[in-house]
Amino acid sequence: MEANFFRFLASELGEFLSGRRVDKVFSPAPDVWTLKVRNTGAPLHVLFRPAKSAGHLFLSAAKPANPANAPARAMWFRKRLQGRLLFRHFVDWPNLRLAFELSPRSDPKDSGAYLVFDVRNGLFLCDELEPEFLASVEWPAFEDAVHDPEVWREYPHISPPLRKALASLPGKDSHSLYLNVVGGMADAFYLACAGNAWKPPLAWPLGHNPGEVFSSAVDAANAYGERTLFPLLEMEEERPEQIQRKRERRKILRNLQRLDQEEERLDRFSANKMLAEALQANLYRLKKLDGLETVDVEHPNGDLMTVPLNPLLSMTENMEKYFKLADKAERGRPHIERRREEMRERLERVENGELSGYEEHSPAFSPAGPVMPKRYKGLAVSLFRSSDGFTIIRGRSKKANHEMLSKAASPFDYWFHVSDGPSSHVILKRDHPGQDVPEQTLREAATLCGLKSFRRDDGKAEIMFALVKDVRKVKGYDHGQVAVDKVAGTVLAVLDPEVEERLQ
């Protein structure tokens, strides 16, 4: 996160969060923190992920999915923060740190008087703040900021993005931007996308395409965080399986390389057949010539060749040795080809997302469709890919319908069900809470839902959809029965079976 952007973000967050109560602390992934804070109306979460270059600190109504068992570190913070108020805030923005004074705790032991969000190093509790939180920030001369590549060592807030922006502008504009940065003035905040990757937000436009423009640093941080952290957490969840696939792929490639080496060895053995044939054709005149290291003979095809010999063996034994090596090569080739074909098939399965322990015909494996994420495995579900590239999951049993909400869905995904009767449950996956879903994908998800409902033979059906966070499993209800707090919309779906075949 760029230091000068963090200057504005920390100030806005500090004012917004001061006076609020911490209700709970979660850790959806290692070094990723969710603090649920008291709010009227919609839920409010502070999401924090420290990183040296592209850390996250933002607000979101959506809460990332958490592991079944809270990590020990999350429980440690929960015990010390739950129920405490965030009082005054303090900012050490050149070093990307925001601290809140905490209300006292009944058990003061190891409680900490301050909560520190350190974007580079992590979340901390401490009894006293370091002097940098109260120190004034010094600035170098404009010429040093622009021309000294090592200026950041003494002035960490003269960041590479700032130097790049200053260098890209003509002299007068560059100097004006520097004065605005020094004075803590910014009219807007900018979020740009390079290729498919979102860049961390800045307090100035970078280049001719400034990207999206926001009126507040909090809004820019929220947009960047939701678009990058939520997909990152999905990837983190799959990382153990990805590591296993990567290891298996390396192992298969090593085995293929060994097979190539073995084939080269057999090729050398095959060449021994000509040596054996040459000795055989001339054996009648060579039988009494023992103890030689080489012999020059003519092959039946007319080629002259020098045959290496083992002087401790007779001429007949040398000939038999060469025939045996050639026969070994011929016997070994079919095994190498069979093994190579097996390795290539395994490599293709691994690159398609399957691990060798999975059964090809299990419900969790669909070679033609999208790869089944780890947390869906074991669920009786079918996977589809919409025309716009969204993953759609449909339950195949009451138990799967019941488990999908907690095991296969994030709070910001969409849930589909026929409006007036029984049907399968369908989940439309989104990458982050702010992602827009095209109308075509909504219709396709609704169609997949209607095709597995009591309306499947009617040609059309009204399908409702809601955010997963607004759908509740209720104690005492049968599997698959839920309560919907808020419907996001309805779709009149044309129940065309070809849609199912096309998307599967």
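1. Topic: the sheet that holds strand 3 (residues 44–49)
Argument step 1. Ordered by their spatial adjacency, 4 strands build an open sheet running 1-2-3-4, and the pairing between neighbours is antiparallel. Every interior strand has two partners, whereas the edge strands, strand 1 (22–29) and strand 4 (56–60), have only one. Strand after strand, the sheet turns through a mean of 20° between neighbouring axes, direction not considered.
Argument step 2. Helix-sheet contacts for helix 1 (residues 3–17) involve strand 2 (32–37), strand 3 and strand 4, and the interaxial angle to strand 4 is about 40°.
Argument step 3. Those strands touched by helix 2 (residues 72–81) are strand 1 and strand 2, and its axis lies near 170° from that of strand 1.

2. Notes on the environment of Ala329
Argument step 1. Among the structural elements, Ala329 can be located in helix 8 (residues 315–351).
Argument step 2. With relative accessibility at 0%, the residue Ala329 sits in the buried group.
Argument step 3. As a C-alpha pair, Ala329 and Ser270 span 59 residues in sequence and 5.8 Å in three-dimensional space.

3. Considering helix 10 (residues 439–450)
Argument step 1. Helix length check: helix 10, at 12 residues, gives a terminal C-alpha distance of 16 Å against a target of 16 Å (1.5 Å per residue), a fit within 8%.
Argument step 2. Most of helix 10 sits inside the fold, with 9 of its 12 residues counted as buried.
Argument step 3. Within helix 10 the residues assigned to the buried category are Thr441, Leu442, Glu444, Ala445, Ala446, Thr447, Leu448, Cys449 and Gly450.

4. A closer look at the environment of Met319
Argument step 1. Structurally, the position occupied by Met319 is in helix 8.
Argument step 2. Expressed as a C-alpha distance, the spacing of Met319 and Ala276, which sit 43 residues apart in the sequence, is 4.9 Å.
Argument step 3. If we skip the residues at most four places from it in the chain, Met319 touches Ala276, Leu279, Gln280 and Leu283.

5. What about a positive patch on the surface?
Argument step 1. Taken together, Lys246, Arg247, Arg250, Lys251, Arg254 and Arg258 make up a surface patch of like positive charges.
Argument step 2. Mapping Lys246 onto the fold places it in helix 6 (residues 217–281).
Argument step 3. On the basis of relative accessibility, which here comes to 55%, the residue Lys246 falls in the exposed class.

6. Let's talk about the sheet that holds strand 15 (residues 381–385)
Argument step 1. One open sheet accounts for 6 strands, arranged 15-16-18-17-19-22; its pairing is antiparallel. In this open sheet, the two edge strands, each paired with only one partner strand, are strand 15 and strand 22 (489–494). Between one strand axis and the next, the sheet turns through 25° on average, direction left out of account.
Argument step 2. Contacting strand 15, strand 16 (391–395), strand 17 (414–418) and strand 18 (426–428), helix 9 (residues 398–407) runs over the sheet at an angle of about 140° to strand 16.
Argument step 3. Across the sheet, helix 10 lies against strand 15, strand 16, strand 17, strand 18, strand 19 (460–467) and strand 22, angled at about 45° from strand 17, the strand it touches most.

7. Overview of the side chain of Glu226
Argument step 1. Position of Glu226 among the secondary structure elements: in helix 6.
Argument step 2. No salt bridge is formed by the buried Glu226; the nearest opposite charge belongs to Arg227, separated by 6.8 Å.
Argument step 3. Among the polar contacts made by the side chain of Glu226, one reaches the side chain of Ser60 at a distance of 3.0 Å.
Argument step 4. Those residues in contact with Glu226, other than ones at most four positions away along the chain, are Phe58, Ser60, Pro231, Asp431, His432, Pro433 and Gly434.

8. Some remarks on the pattern of salt bridges
Argument step 1. Counted by the stated rule, this structure contains 22 salt bridges.
Argument step 2. Taking the shortest distance from any N to any O, the salt bridge between Asp92 and Arg97 comes out at 2.7 Å.
Argument step 3. On the accessibility criterion, Asp92 (3% relative accessible area) is buried.
Argument step 4. One salt bridge in this structure joins Asp413 and Lys429, with 2.7 Å as the shortest N-O distance. On the criterion of sequence distance, the pair formed by Asp413 in the loop between helix 9 and strand 17 and Lys429 in the loop between strand 18 and helix 10 is long-range, its members being 16 residues apart.
Argument step 5. You can call Asp413 buried: its relative accessible area is 0%.

Cut-offs used in this document
- Residues numbered from 1 in each chain as written.
- Predicted model: local features only at pLDDT ≥ 70, side-chain atom pairs only at ≥ 80, totals over all residues.
- Heavy atoms only, no water.
- Pairing = 2+ DSSP bridges.
- Helix = DSSP H or I, 4+ residues; strand = E, 2+ residues; numbered from the N terminus.
- Axes fitted to C-alpha atoms, helices over the stretch in contact; angles between N-to-C directions.
- Contact = heavy atoms within 4.5 Å.
- Buried < 20%, exposed > 50% of the residue type's maximum accessible area, 1.4 Å probe, protein only.
- Expected span 1.5 Å × (residues − 1).
- Patch = residues over 30% accessible without salt bridge, like charges linked within 9 Å, V, L, I, M, F, W, Y side chains within 5 Å.
- Areas by Shrake-Rupley, 256 points an atom, 1.4 Å probe, with all protein chains shown as cover.
- Salt bridge = Lys/Arg side-chain N within 4 Å of Asp/Glu carboxyl O.
- Lys, Arg positive; Asp, Glu negative; His and termini not counted.
- Charge placed at Lys NZ, Arg CZ, Asp CG, Glu CD.
- Polar contact = N/O pair within 3.5 Å; in protein donor to acceptor, adjacent residues only side chain to side chain.

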